[in-house]
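# Fold and contact review
These are the residues of each chain, in order.
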Amino acid sequence: MPTRGPRRLGRPTVKDVLAGLVTGLFSIPEGMAYAAIGGFNPAAGIYAGVVPGIIGSLFARTVLMVTTLTSAIALTSRSVLTDAGLDPGDPANVAALAIVVGVVMVAFGLLRFGSIMNFVSNAVMTGFATGIALQIIAGVLGDATGYRPDSGNTVGKFIDWLAHIGLWHPAAAAVTAATIAVWAVFHLVRPLRSFATLLALVIVTAVVAVTDIAVETVGDIASIANALPPVTVPNVAAMPELVLGGVAVALVALAQAAGISAAVPNPDGSRPDMDGDFKAQGAANAIGGFFGALPAGGSLSRTGVATSAGAQTRWAGIFAGLWLALLVLAAGSTAELIPMPVIGGLIVVIGAELIMGRLPDIMLVLRAAPLSAVAMVITFVATTELPLHTAILIGVITSLVLYCVKAAKAADLRALARDGQGWREIPVPERCADDDVTVLFYSGVGLFAEVARIDEKWPRAEGTRNAVVVLSLWALPDVPSSVAIKALRRWSDALTSHHGRLFIAGVSPQTRAVLERGGIGEILGPDGIIEATDRAFEAIEIAVTRGREWIAQRPFDSA
(Lines give C-alpha, C1' and ligand atoms only; values in the text may rest on other atoms or scores of the structure.)
Protein backbone atom coordinates (compact mmCIF):
# COMPACT_ATOMS: atom_id res chain seq x y z
CA MET A 1 0.00 0.00 0.00
CA PRO A 2 1.21 3.54 -0.62
CA THR A 3 2.45 5.26 2.52
CA ARG A 4 4.37 8.31 1.33
CA GLY A 5 1.40 10.41 0.17
CA PRO A 6 0.46 12.18 3.43
CA ARG A 7 4.04 13.43 3.87
CA ARG A 8 3.67 15.35 0.59
CA LEU A 9 0.41 17.10 1.47
CA GLY A 10 1.78 20.60 1.94
CA ARG A 11 -0.49 23.46 2.89
CA PRO A 12 -3.93 23.97 1.36
CA THR A 13 -4.72 27.25 -0.34
CA VAL A 14 -7.95 29.22 -0.58
CA LYS A 15 -8.13 28.25 -4.24
CA ASP A 16 -7.94 24.56 -3.23
CA VAL A 17 -10.90 25.04 -0.85
CA LEU A 18 -12.98 26.76 -3.56
CA ALA A 19 -11.94 24.29 -6.26
CA GLY A 20 -12.94 21.48 -3.90
CA LEU A 21 -16.36 23.06 -3.37
CA VAL A 22 -16.98 23.44 -7.10
CA THR A 23 -15.84 19.86 -7.74
CA GLY A 24 -17.97 18.53 -4.87
CA LEU A 25 -21.06 20.31 -6.19
CA PHE A 26 -20.38 19.03 -9.70
CA SER A 27 -19.99 15.50 -8.33
CA ILE A 28 -23.64 15.39 -7.24
CA PRO A 29 -25.30 15.51 -10.69
CA GLU A 30 -22.49 13.74 -12.54
CA GLY A 31 -22.08 11.00 -9.91
CA MET A 32 -25.82 10.34 -9.87
CA ALA A 33 -25.94 10.39 -13.67
CA TYR A 34 -23.15 7.89 -14.09
CA ALA A 35 -24.60 5.57 -11.46
CA ALA A 36 -27.99 5.78 -13.17
CA ILE A 37 -26.65 4.76 -16.59
CA GLY A 38 -25.09 1.72 -14.95
CA GLY A 39 -28.40 0.73 -13.37
CA PHE A 40 -27.12 1.44 -9.85
CA ASN A 41 -28.62 3.42 -6.97
CA PRO A 42 -27.84 7.08 -7.84
CA ALA A 43 -26.63 7.59 -4.26
CA ALA A 44 -23.78 5.11 -4.90
CA GLY A 45 -22.48 7.48 -7.56
CA ILE A 46 -22.35 10.28 -4.99
CA TYR A 47 -20.65 8.08 -2.40
CA ALA A 48 -17.95 7.19 -4.98
CA GLY A 49 -16.72 10.77 -4.66
CA VAL A 50 -16.45 10.81 -0.87
CA VAL A 51 -14.18 8.15 0.63
CA PRO A 52 -12.52 7.08 -2.67
CA GLY A 53 -12.04 10.75 -3.57
CA ILE A 54 -10.31 11.57 -0.31
CA ILE A 55 -8.14 8.42 -0.24
CA GLY A 56 -7.20 8.78 -3.90
CA SER A 57 -6.13 12.41 -3.50
CA LEU A 58 -4.14 11.60 -0.37
CA PHE A 59 -1.92 9.07 -2.11
CA ALA A 60 -2.03 9.73 -5.89
CA ARG A 61 1.29 10.62 -7.50
CA THR A 62 -0.61 12.67 -10.11
CA VAL A 63 -1.30 15.49 -7.68
CA LEU A 64 -4.47 17.04 -9.13
CA MET A 65 -6.17 13.80 -10.23
CA VAL A 66 -9.66 13.37 -8.76
CA THR A 67 -10.63 9.75 -8.07
CA THR A 68 -14.33 8.94 -8.40
CA LEU A 69 -16.88 7.13 -10.57
CA THR A 70 -16.70 7.56 -14.35
CA SER A 71 -19.14 6.57 -17.06
CA ALA A 72 -16.88 3.83 -18.42
CA ILE A 73 -16.34 2.35 -14.96
CA ALA A 74 -20.09 2.41 -14.24
CA LEU A 75 -20.98 0.63 -17.47
CA THR A 76 -18.16 -1.91 -17.12
CA SER A 77 -19.11 -2.61 -13.49
CA ARG A 78 -22.73 -3.25 -14.46
CA SER A 79 -21.59 -5.58 -17.24
CA VAL A 80 -19.32 -7.53 -14.86
CA LEU A 81 -21.98 -7.97 -12.18
CA THR A 82 -24.68 -8.92 -14.69
CA ASP A 83 -22.48 -11.52 -16.38
CA ALA A 84 -21.66 -12.99 -12.96
CA GLY A 85 -25.38 -13.37 -12.26
CA LEU A 86 -25.26 -10.81 -9.44
CA ASP A 87 -27.82 -8.08 -8.79
CA PRO A 88 -26.23 -4.64 -9.44
CA GLY A 89 -28.80 -3.16 -7.06
CA ASP A 90 -27.46 -5.13 -4.07
CA PRO A 91 -24.94 -2.97 -2.15
CA ALA A 92 -23.13 -6.11 -0.96
CA ASN A 93 -22.37 -7.11 -4.57
CA VAL A 94 -21.20 -3.58 -5.42
CA ALA A 95 -18.93 -3.58 -2.36
CA ALA A 96 -17.47 -6.96 -3.34
CA LEU A 97 -16.64 -5.72 -6.84
CA ALA A 98 -15.12 -2.45 -5.58
CA ILE A 99 -12.86 -4.32 -3.15
CA VAL A 100 -11.78 -6.83 -5.81
CA VAL A 101 -11.00 -3.97 -8.20
CA GLY A 102 -9.02 -2.26 -5.45
CA VAL A 103 -6.94 -5.37 -4.72
CA VAL A 104 -6.24 -5.83 -8.46
CA MET A 105 -5.11 -2.21 -8.78
CA VAL A 106 -2.79 -2.46 -5.79
CA ALA A 107 -1.35 -5.71 -7.21
CA PHE A 108 -0.75 -3.98 -10.57
CA GLY A 109 1.05 -1.17 -8.79
CA LEU A 110 3.21 -3.45 -6.66
CA LEU A 111 4.14 -5.52 -9.72
CA ARG A 112 4.97 -2.28 -11.57
CA PHE A 113 2.55 -2.92 -14.39
CA GLY A 114 2.33 0.78 -15.22
CA SER A 115 4.21 0.14 -18.44
CA ILE A 116 1.29 -2.00 -19.65
CA MET A 117 -0.73 1.16 -20.26
CA ASN A 118 1.95 2.33 -22.71
CA PHE A 119 0.87 -0.52 -25.01
CA VAL A 120 -2.77 0.61 -25.11
CA SER A 121 -2.63 2.67 -28.28
CA ASN A 122 -4.35 6.01 -28.77
CA ALA A 123 -6.38 4.46 -31.60
CA VAL A 124 -7.76 1.74 -29.31
CA MET A 125 -8.55 4.26 -26.55
CA THR A 126 -10.27 6.48 -29.14
CA GLY A 127 -12.46 3.60 -30.30
CA PHE A 128 -13.21 2.60 -26.71
CA ALA A 129 -14.02 6.15 -25.55
CA THR A 130 -16.26 6.81 -28.56
CA GLY A 131 -18.11 3.54 -28.03
CA ILE A 132 -18.52 4.35 -24.33
CA ALA A 133 -19.91 7.79 -25.19
CA LEU A 134 -22.46 6.21 -27.51
CA GLN A 135 -23.38 3.69 -24.80
CA ILE A 136 -23.80 6.53 -22.32
CA ILE A 137 -26.38 8.23 -24.54
CA ALA A 138 -28.12 4.94 -25.39
CA GLY A 139 -28.38 4.12 -21.67
CA VAL A 140 -30.49 7.20 -20.88
CA LEU A 141 -32.84 7.26 -23.85
CA GLY A 142 -35.57 5.90 -21.56
CA ASP A 143 -35.02 8.56 -18.89
CA ALA A 144 -34.77 11.29 -21.51
CA THR A 145 -37.95 10.49 -23.45
CA GLY A 146 -39.98 8.06 -21.35
CA TYR A 147 -39.60 5.24 -23.88
CA ARG A 148 -37.06 2.51 -23.08
CA PRO A 149 -35.81 0.85 -26.28
CA ASP A 150 -35.84 -2.93 -26.31
CA SER A 151 -32.56 -4.11 -27.80
CA GLY A 152 -29.47 -5.97 -26.65
CA ASN A 153 -26.90 -3.71 -28.32
CA THR A 154 -26.22 0.01 -28.53
CA VAL A 155 -26.99 0.56 -32.20
CA GLY A 156 -30.19 -1.47 -31.89
CA LYS A 157 -31.34 0.76 -29.03
CA PHE A 158 -31.07 3.87 -31.19
CA ILE A 159 -32.92 2.20 -34.06
CA ASP A 160 -35.73 0.97 -31.81
CA TRP A 161 -35.92 4.35 -30.04
CA LEU A 162 -36.31 6.28 -33.29
CA ALA A 163 -38.78 3.73 -34.68
CA HIS A 164 -41.09 4.32 -31.70
CA ILE A 165 -40.98 8.10 -31.56
CA GLY A 166 -44.75 8.12 -31.16
CA LEU A 167 -44.39 6.40 -27.77
CA TRP A 168 -42.14 9.09 -26.30
CA HIS A 169 -43.50 10.79 -23.17
CA PRO A 170 -44.01 14.48 -24.14
CA ALA A 171 -43.31 15.85 -20.66
CA ALA A 172 -40.11 13.85 -20.25
CA ALA A 173 -38.85 14.83 -23.69
CA ALA A 174 -39.66 18.50 -22.99
CA VAL A 175 -37.78 18.49 -19.67
CA THR A 176 -34.79 16.84 -21.35
CA ALA A 177 -34.79 19.44 -24.14
CA ALA A 178 -35.07 22.25 -21.58
CA THR A 179 -32.12 20.85 -19.61
CA ILE A 180 -29.93 20.73 -22.71
CA ALA A 181 -31.00 24.26 -23.70
CA VAL A 182 -30.26 25.74 -20.25
CA TRP A 183 -26.90 23.99 -20.19
CA ALA A 184 -26.06 25.37 -23.65
CA VAL A 185 -26.89 28.95 -22.58
CA PHE A 186 -24.63 28.85 -19.54
CA HIS A 187 -21.94 26.96 -21.43
CA LEU A 188 -21.66 29.91 -23.83
CA VAL A 189 -20.90 32.27 -20.91
CA ARG A 190 -17.20 31.73 -20.20
CA PRO A 191 -17.21 32.64 -16.47
CA LEU A 192 -20.12 30.25 -15.89
CA ARG A 193 -18.96 27.44 -18.17
CA SER A 194 -17.65 25.28 -15.31
CA PHE A 195 -21.00 25.62 -13.53
CA ALA A 196 -23.21 24.99 -16.59
CA THR A 197 -24.08 21.41 -15.57
CA LEU A 198 -24.85 22.39 -11.97
CA LEU A 199 -26.91 25.43 -12.99
CA ALA A 200 -28.94 23.42 -15.51
CA LEU A 201 -29.62 20.80 -12.83
CA VAL A 202 -30.78 23.33 -10.22
CA ILE A 203 -32.82 25.60 -12.50
CA VAL A 204 -34.73 22.91 -14.41
CA THR A 205 -35.33 20.88 -11.24
CA ALA A 206 -36.77 23.97 -9.53
CA VAL A 207 -39.04 24.74 -12.49
CA VAL A 208 -40.34 21.15 -12.64
CA ALA A 209 -41.00 21.16 -8.88
CA VAL A 210 -42.84 24.49 -8.95
CA THR A 211 -44.94 23.67 -12.01
CA ASP A 212 -45.56 20.10 -10.80
CA ILE A 213 -44.74 18.50 -14.15
CA ALA A 214 -45.45 14.76 -13.97
CA VAL A 215 -42.10 13.08 -14.65
CA GLU A 216 -40.12 10.39 -12.86
CA THR A 217 -37.74 11.66 -10.17
CA VAL A 218 -34.74 10.25 -8.31
CA GLY A 219 -37.02 9.70 -5.32
CA ASP A 220 -39.13 7.30 -7.40
CA ILE A 221 -36.05 5.11 -7.88
CA ALA A 222 -34.22 5.33 -4.57
CA SER A 223 -34.21 7.29 -1.35
CA ILE A 224 -31.16 9.35 -0.39
CA ALA A 225 -30.72 10.00 3.31
CA ASN A 226 -29.09 13.03 4.90
CA ALA A 227 -26.28 10.82 6.14
CA LEU A 228 -22.72 9.77 5.42
CA PRO A 229 -22.13 6.71 3.26
CA PRO A 230 -23.23 3.61 5.18
CA VAL A 231 -20.83 0.86 6.19
CA THR A 232 -21.45 -2.03 3.77
CA VAL A 233 -20.60 -5.68 4.33
CA PRO A 234 -19.36 -7.12 1.00
CA ASN A 235 -20.61 -10.35 -0.55
CA VAL A 236 -17.39 -12.26 0.12
CA ALA A 237 -18.70 -15.46 -1.48
CA ALA A 238 -19.04 -13.67 -4.83
CA MET A 239 -15.49 -12.31 -4.91
CA PRO A 240 -13.84 -15.30 -6.67
CA GLU A 241 -16.35 -14.96 -9.53
CA LEU A 242 -15.50 -11.27 -9.88
CA VAL A 243 -11.72 -11.53 -10.22
CA LEU A 244 -11.60 -11.60 -14.05
CA GLY A 245 -14.23 -8.87 -14.29
CA GLY A 246 -12.35 -6.91 -11.64
CA VAL A 247 -9.26 -6.99 -13.85
CA ALA A 248 -11.32 -5.57 -16.73
CA VAL A 249 -12.77 -2.77 -14.56
CA ALA A 250 -9.27 -2.01 -13.25
CA LEU A 251 -7.89 -1.80 -16.80
CA VAL A 252 -10.66 0.62 -17.80
CA ALA A 253 -9.99 2.80 -14.76
CA LEU A 254 -6.23 2.70 -15.14
CA ALA A 255 -6.35 3.50 -18.85
CA GLN A 256 -8.42 6.61 -18.09
CA ALA A 257 -6.08 7.61 -15.27
CA ALA A 258 -3.08 7.24 -17.57
CA GLY A 259 -4.59 9.90 -19.81
CA ILE A 260 -4.96 12.26 -16.86
CA SER A 261 -1.35 11.71 -15.82
CA ALA A 262 -0.21 12.77 -19.28
CA ALA A 263 -2.63 15.70 -19.63
CA VAL A 264 -2.41 17.30 -16.16
CA PRO A 265 1.19 17.89 -15.03
CA ASN A 266 1.96 18.25 -11.32
CA PRO A 267 2.03 21.93 -10.28
CA ASP A 268 5.02 21.30 -7.99
CA GLY A 269 7.07 19.96 -10.88
CA SER A 270 7.29 16.44 -9.43
CA ARG A 271 7.15 13.51 -11.83
CA PRO A 272 3.99 11.43 -11.93
CA ASP A 273 4.30 7.74 -11.21
CA MET A 274 1.72 5.50 -12.85
CA ASP A 275 2.43 2.62 -10.48
CA GLY A 276 1.94 4.98 -7.55
CA ASP A 277 -1.38 6.07 -9.04
CA PHE A 278 -2.37 2.39 -9.40
CA LYS A 279 -1.78 1.82 -5.70
CA ALA A 280 -3.57 5.03 -4.72
CA GLN A 281 -6.67 4.12 -6.72
CA GLY A 282 -6.48 0.57 -5.39
CA ALA A 283 -6.50 1.84 -1.81
CA ALA A 284 -9.41 4.16 -2.67
CA ASN A 285 -11.50 1.25 -3.99
CA ALA A 286 -10.53 -1.27 -1.31
CA ILE A 287 -11.58 1.17 1.43
CA GLY A 288 -14.43 2.85 -0.47
CA GLY A 289 -16.10 -0.51 -1.09
CA PHE A 290 -16.95 -0.67 2.62
CA PHE A 291 -18.70 2.71 2.42
CA GLY A 292 -21.29 2.21 -0.31
CA ALA A 293 -19.07 3.42 -3.16
CA LEU A 294 -19.05 2.07 -6.70
CA PRO A 295 -15.62 1.24 -8.20
CA ALA A 296 -13.71 4.45 -8.87
CA GLY A 297 -10.77 5.68 -10.89
CA GLY A 298 -9.22 8.87 -12.18
CA SER A 299 -11.95 11.10 -13.62
CA LEU A 300 -10.88 13.40 -16.45
CA SER A 301 -14.10 15.46 -16.22
CA ARG A 302 -13.86 15.96 -12.45
CA THR A 303 -10.13 16.67 -12.67
CA GLY A 304 -10.87 19.20 -15.40
CA VAL A 305 -13.47 20.91 -13.20
CA ALA A 306 -10.98 21.10 -10.31
CA THR A 307 -8.16 22.54 -12.40
CA SER A 308 -10.39 25.06 -14.18
CA ALA A 309 -11.63 26.18 -10.74
CA GLY A 310 -8.06 26.89 -9.65
CA ALA A 311 -6.83 23.72 -7.91
CA GLN A 312 -3.17 24.05 -6.89
CA THR A 313 -2.40 21.04 -4.68
CA ARG A 314 -3.80 17.60 -3.83
CA TRP A 315 -5.87 19.34 -1.14
CA ALA A 316 -8.38 20.30 -3.87
CA GLY A 317 -9.34 16.64 -4.31
CA ILE A 318 -9.42 16.07 -0.56
CA PHE A 319 -11.70 19.09 -0.06
CA ALA A 320 -13.92 17.88 -2.93
CA GLY A 321 -14.60 14.68 -0.96
CA LEU A 322 -15.10 16.56 2.32
CA TRP A 323 -17.44 19.13 0.76
CA LEU A 324 -19.43 16.36 -0.91
CA ALA A 325 -19.82 14.58 2.44
CA LEU A 326 -21.06 17.82 4.08
CA LEU A 327 -23.49 18.46 1.21
CA VAL A 328 -24.90 14.94 1.56
CA LEU A 329 -25.28 15.41 5.32
CA ALA A 330 -26.97 18.79 4.98
CA ALA A 331 -29.22 18.24 1.98
CA GLY A 332 -28.82 14.72 0.62
CA SER A 333 -32.54 14.02 0.56
CA THR A 334 -33.09 17.11 -1.62
CA ALA A 335 -31.54 15.14 -4.47
CA GLU A 336 -34.69 12.99 -4.54
CA LEU A 337 -36.49 15.93 -6.18
CA ILE A 338 -34.25 15.81 -9.27
CA PRO A 339 -36.23 14.66 -12.33
CA MET A 340 -34.76 11.71 -14.19
CA PRO A 341 -35.18 13.53 -17.56
CA VAL A 342 -32.87 16.23 -16.18
CA ILE A 343 -30.22 13.62 -15.44
CA GLY A 344 -30.93 12.09 -18.85
CA GLY A 345 -30.41 15.45 -20.55
CA LEU A 346 -27.15 16.06 -18.72
CA ILE A 347 -25.88 12.62 -19.67
CA VAL A 348 -26.74 13.26 -23.32
CA VAL A 349 -24.66 16.44 -23.07
CA ILE A 350 -21.76 14.59 -21.43
CA GLY A 351 -21.88 11.82 -24.06
CA ALA A 352 -22.02 14.32 -26.92
CA GLU A 353 -19.06 16.26 -25.48
CA LEU A 354 -17.05 13.05 -25.24
CA ILE A 355 -17.77 12.22 -28.88
CA MET A 356 -16.98 15.75 -30.08
CA GLY A 357 -13.78 15.76 -28.05
CA ARG A 358 -12.64 12.58 -29.81
CA LEU A 359 -13.44 13.74 -33.36
CA PRO A 360 -9.95 15.21 -33.99
CA ASP A 361 -8.35 11.93 -32.85
CA ILE A 362 -10.74 9.91 -35.01
CA MET A 363 -9.97 11.99 -38.10
CA LEU A 364 -6.22 11.87 -37.42
CA VAL A 365 -6.22 8.06 -37.09
CA LEU A 366 -8.33 7.63 -40.24
CA ARG A 367 -6.05 9.92 -42.27
CA ALA A 368 -2.63 8.93 -41.02
CA ALA A 369 -2.70 5.33 -39.79
CA PRO A 370 -4.82 2.76 -41.70
CA LEU A 371 -3.69 -0.14 -39.50
CA SER A 372 -4.47 1.82 -36.34
CA ALA A 373 -7.84 2.74 -37.83
CA VAL A 374 -8.70 -0.98 -38.06
CA ALA A 375 -7.83 -1.37 -34.38
CA MET A 376 -9.97 1.66 -33.55
CA VAL A 377 -12.98 0.28 -35.42
CA ILE A 378 -12.58 -3.18 -33.85
CA THR A 379 -12.54 -1.67 -30.36
CA PHE A 380 -15.51 0.60 -31.14
CA VAL A 381 -17.61 -2.28 -32.44
CA ALA A 382 -16.63 -4.48 -29.48
CA THR A 383 -17.56 -1.69 -27.06
CA THR A 384 -21.00 -1.13 -28.56
CA GLU A 385 -21.88 -4.77 -29.22
CA LEU A 386 -20.22 -6.79 -26.41
CA PRO A 387 -20.04 -6.62 -22.61
CA LEU A 388 -17.63 -3.82 -21.70
CA HIS A 389 -15.21 -5.97 -19.73
CA THR A 390 -14.88 -8.17 -22.83
CA ALA A 391 -14.44 -5.09 -25.01
CA ILE A 392 -11.59 -3.66 -22.94
CA LEU A 393 -9.77 -7.00 -22.99
CA ILE A 394 -10.21 -7.11 -26.77
CA GLY A 395 -8.87 -3.56 -26.89
CA VAL A 396 -5.78 -4.45 -24.87
CA ILE A 397 -5.11 -7.54 -27.01
CA THR A 398 -5.64 -5.49 -30.17
CA SER A 399 -3.16 -2.89 -28.89
CA LEU A 400 -0.54 -5.54 -28.19
CA VAL A 401 -1.04 -7.11 -31.64
CA LEU A 402 -0.84 -3.67 -33.24
CA TYR A 403 2.38 -2.94 -31.36
CA CYS A 404 3.91 -6.24 -32.44
CA VAL A 405 2.96 -5.67 -36.08
CA LYS A 406 4.40 -2.15 -36.06
CA ALA A 407 7.55 -3.33 -34.27
CA ALA A 408 8.04 -6.11 -36.82
CA LYS A 409 7.59 -3.63 -39.68
CA ALA A 410 10.04 -1.22 -38.08
CA ALA A 411 12.71 -3.92 -37.78
CA ASP A 412 15.22 -3.87 -40.60
CA LEU A 413 18.63 -5.09 -41.74
CA ARG A 414 20.90 -2.37 -43.04
CA ALA A 415 24.44 -2.21 -44.39
CA LEU A 416 27.07 0.25 -43.22
CA ALA A 417 30.13 1.57 -45.06
CA ARG A 418 33.04 3.64 -43.82
CA ASP A 419 33.97 6.90 -45.53
CA GLY A 420 36.05 9.92 -44.60
CA GLN A 421 33.35 11.28 -42.30
CA GLY A 422 32.46 8.06 -40.49
CA TRP A 423 29.89 5.33 -41.03
CA ARG A 424 27.02 5.79 -43.45
CA GLU A 425 24.08 3.61 -44.41
CA ILE A 426 24.06 1.89 -47.78
CA PRO A 427 21.78 -0.73 -49.42
CA VAL A 428 22.34 -4.29 -48.27
CA PRO A 429 24.32 -6.04 -51.04
CA GLU A 430 22.82 -9.10 -52.67
CA ARG A 431 26.13 -10.97 -52.30
CA CYS A 432 28.91 -10.91 -49.71
CA ALA A 433 32.12 -9.26 -50.90
CA ASP A 434 35.15 -11.46 -51.68
CA ASP A 435 38.19 -10.90 -49.46
CA ASP A 436 36.41 -8.08 -47.67
CA VAL A 437 34.23 -7.27 -44.70
CA THR A 438 30.49 -6.57 -45.10
CA VAL A 439 29.04 -4.68 -42.13
CA LEU A 440 25.36 -5.22 -41.37
CA PHE A 441 23.31 -3.44 -38.74
CA TYR A 442 20.10 -4.86 -37.23
CA SER A 443 17.49 -2.49 -35.83
CA GLY A 444 14.52 -4.15 -34.17
CA VAL A 445 13.00 -5.24 -30.88
CA GLY A 446 13.78 -8.90 -30.44
CA LEU A 447 15.12 -10.70 -33.51
CA PHE A 448 12.16 -13.09 -33.42
CA ALA A 449 9.29 -12.46 -35.84
CA GLU A 450 11.70 -10.46 -38.01
CA VAL A 451 13.96 -13.43 -38.83
CA ALA A 452 12.04 -14.34 -42.00
CA ARG A 453 12.36 -10.79 -43.35
CA ILE A 454 16.04 -10.64 -42.48
CA ASP A 455 16.58 -13.95 -44.31
CA GLU A 456 15.25 -12.30 -47.45
CA LYS A 457 17.73 -9.40 -47.20
CA TRP A 458 20.76 -11.36 -45.92
CA PRO A 459 23.53 -11.24 -48.58
CA ARG A 460 24.20 -14.59 -50.30
CA ALA A 461 27.44 -16.44 -49.52
CA GLU A 462 27.29 -18.83 -52.48
CA GLY A 463 30.25 -18.44 -54.82
CA THR A 464 32.15 -16.06 -52.51
CA ARG A 465 35.76 -16.27 -51.32
CA ASN A 466 36.99 -15.26 -47.83
CA ALA A 467 33.84 -13.24 -47.15
CA VAL A 468 33.46 -11.79 -43.65
CA VAL A 469 30.17 -10.43 -42.31
CA VAL A 470 30.04 -8.27 -39.18
CA LEU A 471 26.51 -8.19 -37.73
CA SER A 472 25.97 -5.34 -35.29
CA LEU A 473 23.28 -5.97 -32.66
CA TRP A 474 23.96 -2.73 -30.82
CA ALA A 475 20.31 -1.59 -31.06
CA LEU A 476 18.86 -4.91 -29.89
CA PRO A 477 16.96 -4.06 -26.67
CA ASP A 478 16.48 -7.65 -25.53
CA VAL A 479 18.29 -10.97 -25.58
CA PRO A 480 17.71 -13.08 -28.70
CA SER A 481 15.11 -15.83 -28.84
CA SER A 482 15.74 -19.48 -29.71
CA VAL A 483 14.52 -18.63 -33.23
CA ALA A 484 17.25 -16.00 -33.46
CA ILE A 485 19.91 -18.45 -32.18
CA LYS A 486 18.97 -20.91 -34.93
CA ALA A 487 19.06 -18.13 -37.54
CA LEU A 488 22.53 -16.99 -36.41
CA ARG A 489 23.75 -20.58 -36.68
CA ARG A 490 22.31 -20.84 -40.18
CA TRP A 491 23.87 -17.56 -41.36
CA SER A 492 27.24 -18.54 -39.86
CA ASP A 493 27.12 -22.02 -41.42
CA ALA A 494 26.37 -20.51 -44.84
CA LEU A 495 29.50 -18.34 -44.59
CA THR A 496 31.68 -21.11 -43.15
CA SER A 497 30.69 -23.56 -45.89
CA HIS A 498 32.05 -21.04 -48.41
CA HIS A 499 35.23 -20.33 -46.41
CA GLY A 500 33.84 -17.18 -44.84
CA ARG A 501 33.19 -16.07 -41.28
CA LEU A 502 30.60 -14.24 -39.15
CA PHE A 503 31.36 -11.77 -36.35
CA ILE A 504 28.72 -10.38 -33.97
CA ALA A 505 29.38 -6.92 -32.56
CA GLY A 506 27.86 -4.51 -30.04
CA VAL A 507 26.03 -6.99 -27.79
CA SER A 508 25.30 -6.48 -24.09
CA PRO A 509 26.80 -8.84 -21.48
CA GLN A 510 23.36 -10.43 -21.05
CA THR A 511 23.00 -11.04 -24.78
CA ARG A 512 26.52 -12.46 -24.97
CA ALA A 513 25.69 -14.90 -22.15
CA VAL A 514 22.60 -16.08 -24.06
CA LEU A 515 24.60 -16.49 -27.27
CA GLU A 516 27.26 -18.49 -25.41
CA ARG A 517 24.62 -20.77 -23.86
CA GLY A 518 23.08 -21.23 -27.30
CA GLY A 519 26.40 -22.47 -28.71
CA ILE A 520 27.05 -19.42 -30.88
CA GLY A 521 30.34 -18.75 -29.09
CA GLU A 522 31.69 -22.16 -30.06
CA ILE A 523 30.64 -21.65 -33.69
CA LEU A 524 32.10 -18.15 -34.05
CA GLY A 525 35.22 -18.75 -31.99
CA PRO A 526 36.59 -16.99 -28.91
CA ASP A 527 37.01 -13.67 -30.75
CA GLY A 528 33.75 -13.88 -32.73
CA ILE A 529 31.53 -11.98 -30.26
CA ILE A 530 32.45 -8.39 -29.37
CA GLU A 531 30.60 -6.63 -26.56
CA ALA A 532 29.41 -3.03 -26.85
CA THR A 533 31.53 -0.26 -25.35
CA ASP A 534 30.67 3.25 -24.21
CA ARG A 535 31.82 4.60 -27.58
CA ALA A 536 29.55 4.47 -30.60
CA PHE A 537 30.68 2.10 -33.38
CA GLU A 538 33.77 1.00 -31.41
CA ALA A 539 32.58 -2.62 -31.28
CA ILE A 540 32.04 -2.54 -35.07
CA GLU A 541 35.53 -1.12 -35.56
CA ILE A 542 37.01 -3.94 -33.45
CA ALA A 543 35.04 -6.57 -35.38
CA VAL A 544 36.07 -5.12 -38.76
CA THR A 545 39.74 -5.12 -37.69
CA ARG A 546 39.50 -8.75 -36.58
CA GLY A 547 37.73 -9.66 -39.82
CA ARG A 548 40.45 -8.08 -41.97
CA GLU A 549 43.17 -9.78 -39.93
CA TRP A 550 41.38 -13.09 -40.46
CA ILE A 551 41.17 -12.48 -44.24
CA ALA A 552 44.87 -11.59 -44.36
CA GLN A 553 45.72 -14.98 -42.88
CA ARG A 554 43.64 -16.90 -45.43
CA PRO A 555 45.20 -18.64 -48.50
CA PHE A 556 44.66 -16.53 -51.61
CA ASP A 557 43.19 -19.38 -53.67
CA SER A 558 40.73 -20.77 -51.08
CA ALA A 559 37.26 -21.20 -52.46
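Everything in this summary refers to the structure shown in the same document. (Residues numbered from 1 in each chain as written. Predicted model: local features only at pLDDT ≥ 70, side-chain atom pairs only at ≥ 80, totals over all residues. Heavy atoms only, no water.)

At their nearest, the axes of helix H1 (residues 14-37) and helix H16 (residues 340-368) sit 10 Å apart, and the two run at 90 degrees to each other. By the angle class used here, H1 and H16 are roughly perpendicular. Listed contacts from H16 to Pro29, Glu30, Met32, Ala33, Tyr34, Ala36 and Ile37 of H1 are Met340, Ile343, Leu346, Ile347 and Ile350. Its residues assigned to classes, the contact of H1 with H16 shows 11 nonpolar, no polar and one charged. (Axes fitted to C-alpha atoms, helices over the stretch in contact; angles between N-to-C directions. Helix = DSSP H or I, 4+ residues; strand = E, 2+ residues; numbered from the N terminus. Parallel < 35°, antiparallel > 145°, perpendicular 65-115°, else oblique. Contact = heavy atoms within 4.5 Å. Nonpolar A, V, L, I, M, F, W, Y, C, P; charged D, E, K, R; others polar.)

The next point concerns a nonpolar patch on the surface. A contiguous nonpolar surface patch, about 320 Å² in accessible area, is contributed by Leu371, Ile397, Val401 and Val405. In terms of residue count, helix H18 (residues 388-410) provides more of the nonpolar patch than any other element does, three residues in total. Position of valine 401 relative to the elements: it lies in helix H18. (Patch = residues over 30% accessible without salt bridge, like charges linked within 9 Å, V, L, I, M, F, W, Y side chains within 5 Å. Areas by Shrake-Rupley, 256 points an atom, 1.4 Å probe, with all protein chains shown as cover. Salt bridge = Lys/Arg side-chain N within 4 Å of Asp/Glu carboxyl O.)

What follows concerns the packing of helix H5 (residues 91-110) against helix H13 (residues 274-288). Two elements in contact, H5 and H13, have axes separated by 7 Å at closest approach and are oriented at 160 degrees. Put simply, H5 runs roughly antiparallel to H13. Here H5 and H13 pass one another in a crossing that is left-handed. Side by side, H5 and H13 meet where Ala98, Ile99, Val101, Gly102, Met105, Val106, Phe108, Gly109 and Leu110 of the first sit next to Asp275, Phe278, Lys279, Gln281, Gly282, Ala283, Asn285 and Ala286 of the second. For the contact of H5 with H13, the class distribution of residues is 10 nonpolar, five polar and two charged. (Left-handed = near helix turned anticlockwise from the far one by under 90°.)

For the structure shown, the criterion picks out five aromatic pairs. With centroids separated by 4.5 Å and ring planes inclined at 20 degrees, the aromatic side chains of tryptophan 161 and tryptophan 168 adopt a geometry described as stacked. Given the relative accessible area of 22%, tryptophan 168 is considered partly exposed. Arranged with centres 5.5 Å apart and planes meeting at 35 degrees, the rings of tryptophan 315 and phenylalanine 319 form a pair that is tilted. (Phe/Tyr/Trp six-rings, centres within 6.5 Å; stacked < 30°, edge-to-face > 60°. Buried < 20%, exposed > 50% of the residue type's maximum accessible area, 1.4 Å probe, protein only.)

Remember, this is a structural readout, not a statement about activity or role.
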